[in-house]
Amino acid sequence: MKVTIDNKAGFCWGVVRTVDIAEEQLNIAEDSKEKVYILGQIIHNPKEIDRLEERGLTTINYDDLIKIASENPDAKVIIRAHGEPPATYKQAEDLGINLIDATCPLVTNLQNRVRKYHDLGYKIIIFGKIDHAEVIGLRGVCNDECIVIKSLEEAQNISDLNGKVALISQTTMDKPTFYKIKDYLESQINELIDLGTADKLLARDTTCRAVTSREEPLLKFAKENDVMIFVSGKKSSNGKSLFNSVKKVNDNSHFIEDISEIDWAWFENASSVGISGATSTPQWYMQKVKEEIENRFN
């Protein structure tokens, strides 16, 4: 049985940057005996989280900040790639906490766009998941004065499109749906413009190219294999989106977070197996999955 790892799979550059920052801080901490914390899970992949926690990275939540400030005044707290709202930076400053900002630059640029459009008086519509960490940060930079939608159907339920409207996307949402929403809003706003009650829609495709550019080669790879094993954290938004696309072109595709979830009946009569994953799936764990399958059948 031929088992191949998708050569386009693995961390996107934003995740690589964040993990590198965490590794650097952990290396420094080994000498200084300082503790290194991260606010929220560093990425949506439990295997990589476990690896970094074994090195000494401690995952915390907002409620832990006050305790850390009093018990570990020299502690470092990393802001993960998803970013944070301004209130988090203000709280850390008030508590005297040393923040290490590992926000993905694409997310930082997106936050700046939302802040700019809000200051210019635009009604902000965010295509994303309302409780996703990245969207919480975006909501924060516009004082939560925005509408968050995750589907075309929800866009069709927006009742007030008067005034200036800005549509932007969470970086890990799917591009085709973004453009369907954009087209729909443009059709509605153009009708309002004819009535003299609205300005034109300002729409920015802020989906991450590192995510969207993977879909086409991934689908080609999925078609080339009898069985597809898609490895991803269950909380990964990008992982769910990519897997749904893979499943459409190869019905014998299976989503796993852990090797123990593999059902060996999936491989009956298969001669080729492809392995891929989300932009938060580490290469080292996909390699472990490959070795497990090869050891079983070869």
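Reference entry: report on the structure contained in this document.

Reading the values: rules and limits
- Sequence order as written defines the numbering, with residues in each chain counted from 1.
- Totals for whole chains, interfaces and linings use all residues, but because this is a predicted model, local features are given only for residues with pLDDT of at least 70 and pairs of side-chain atoms are given and counted only at 80 or more.
- Hydrogens and water molecules were not included; the side-chain quantities draw on all heavy atoms of the structure.
- Secondary structure elements follow DSSP: runs of H or I no shorter than four residues count as helices, runs of E no shorter than two count as strands, and numbering proceeds from the N terminus.
- What a helix should span is 1.5 Å times the count of its residues minus one.
- Relative accessibility decides the category of a residue: with a 1.4 Å probe and only protein chains considered, values under 20% of the type maximum give buried, values over 50% give exposed, and everything between is partly exposed.
- Throughout, the arc means the angular range of directions from the helix axis out to the C-beta atoms.
- Residue contacts follow a heavy-atom distance rule, with two residues in contact if any of their heavy atoms lie within 4.5 Å.
- At least two DSSP bridges between two strands are needed for those strands to be called paired.
- With the strands pointing away from the viewer, any crossover whose connection runs clockwise from the first strand over the helix to the second is right-handed.
- Centres within 6.5 Å make a pair out of two Phe, Tyr or Trp rings, where for Trp the six-membered ring is used; the pair is then stacked when the planes are under 30 degrees apart, edge-to-face when over 60, and tilted otherwise.
- Whenever a helix is involved, its axis is fitted only over the stretch in contact; in every case the axis is a line through C-alpha atoms, and angles between N-to-C directions fall within 0 to 180 degrees.

1. Some remarks on helix α11 (residues 283-297)
Owing to its 3.6 residues per turn, the α-helix aligns residues three or four sequence positions apart on the same side.
Here comes step 1: The terminal C-alpha atoms of α11, which comprises 15 residues, lie 21 Å apart, in line with the 21 Å expected from a rise of 1.5 Å per residue.
Here comes step 2: Within the sequence span of α11, burial applies to Tyr 285, Met 286, Val 289, Lys 290 and Ile 293. Taken around the axis of α11, the buried residues stretch over an arc of 150°, which confines them to a single face.
Here comes step 3: Here the buried face of α11 lies against β1 (2-5), α2 (46-54), β10 (227-231), β11 (253-256) and β12 (272-277).

2. Brief notes about the pairing of strand β7 (residues 146-149)
Here comes step 1: Bridge count between strand β6 (residues 123-127) and β7: four bridges; the pairing is parallel. Across the sheet, the residue bridging to Phe 127 is Ile 149, located in β7.
Here comes step 2: Running through helix α6 (residues 133-141), the crossover from β6 to the neighbouring parallel element β7 is right-handed.

3. A word on the environment of Phe 255
Here comes step 1: For Phe 255, the location among the structural elements is in strand β11.
Here comes step 2: Sequence separation between Phe 255 and Met 228 is 27 residues; the distance between their C-alpha atoms is 8.6 Å.
Here comes step 3: Excluding residues within four positions of it along the chain, Phe 255 makes contact with Phe 230, Ser 232, Gly 233, Lys 234, Gly 239, Phe 243 and Glu 261.

4. Re the packing of aromatic side chains
Here comes step 1: By the definition in use, this model includes nine aromatic pairs.
Here comes step 2: Where Phe 178 meets Tyr 179, the ring centres are 5.2 Å apart and the plane angle is 90°; that geometry is what we call edge-to-face.
Here comes step 3: A relative accessible area of 0% means that Phe 178 is categorised as buried.
Here comes step 4: Taking 5.8 Å as the distance between ring centres and 65° as the angle between the ring planes, the aromatic pair formed by Trp 264 and Phe 297 counts as edge-to-face. Here Trp 264 is found in the loop between β11 and β12, whereas its partner Phe 297 is found in helix α11, with 33 residues between them in sequence.

5. Overview of the sheet that holds strand β3 (residues 57-60)
Here comes step 1: Ordered by their spatial adjacency, four strands build an open sheet running β3-β2-β4-β5, and the pairing between neighbours is parallel. What marks the edges here is a single partner per strand, and that holds for β3 and β5 (98-101). Taking the axes of each pair of neighbouring strands and ignoring which way they run, one obtains an average angle of 35° across the sheet.
Here comes step 2: By the bridge criterion, four bridges tie strand β4 (residues 76-79) to β5 in an arrangement that is parallel. The partner of Val 77 across the bridge, within β5, is Leu 99.

6. Comments concerning the side chain of Ser 232
Here comes step 1: Structurally, Ser 232 is set in the loop between β10 and α10 (237-249).
Here comes step 2: Note on Ser 232: relative accessible area 0%, which makes it buried.

7. Details of the pairing of β10
Here comes step 1: Burial analysis of β10 places five of its five residues in the buried class, the great majority of the element.
Here comes step 2: Here β10 shows no split at all, with Val 227, Ile 229 and Val 231 on one side and Met 228 and Phe 230 on the other all buried.
Here comes step 3: Here β10 runs beside β12; their pairing, made up of five bridges, is parallel. Paired with Ile 229 across the strands is Ile 275, a residue of β12.
Here comes step 4: By the bridge criterion, four bridges tie β10 to β11 in an arrangement that is parallel. Its bridge partner being in β11, Ile 229 is matched across the sheet by His 254.
Here comes step 5: In this fold, β10 hands off to α10, which returns the chain to β11; that crossover is right-handed.

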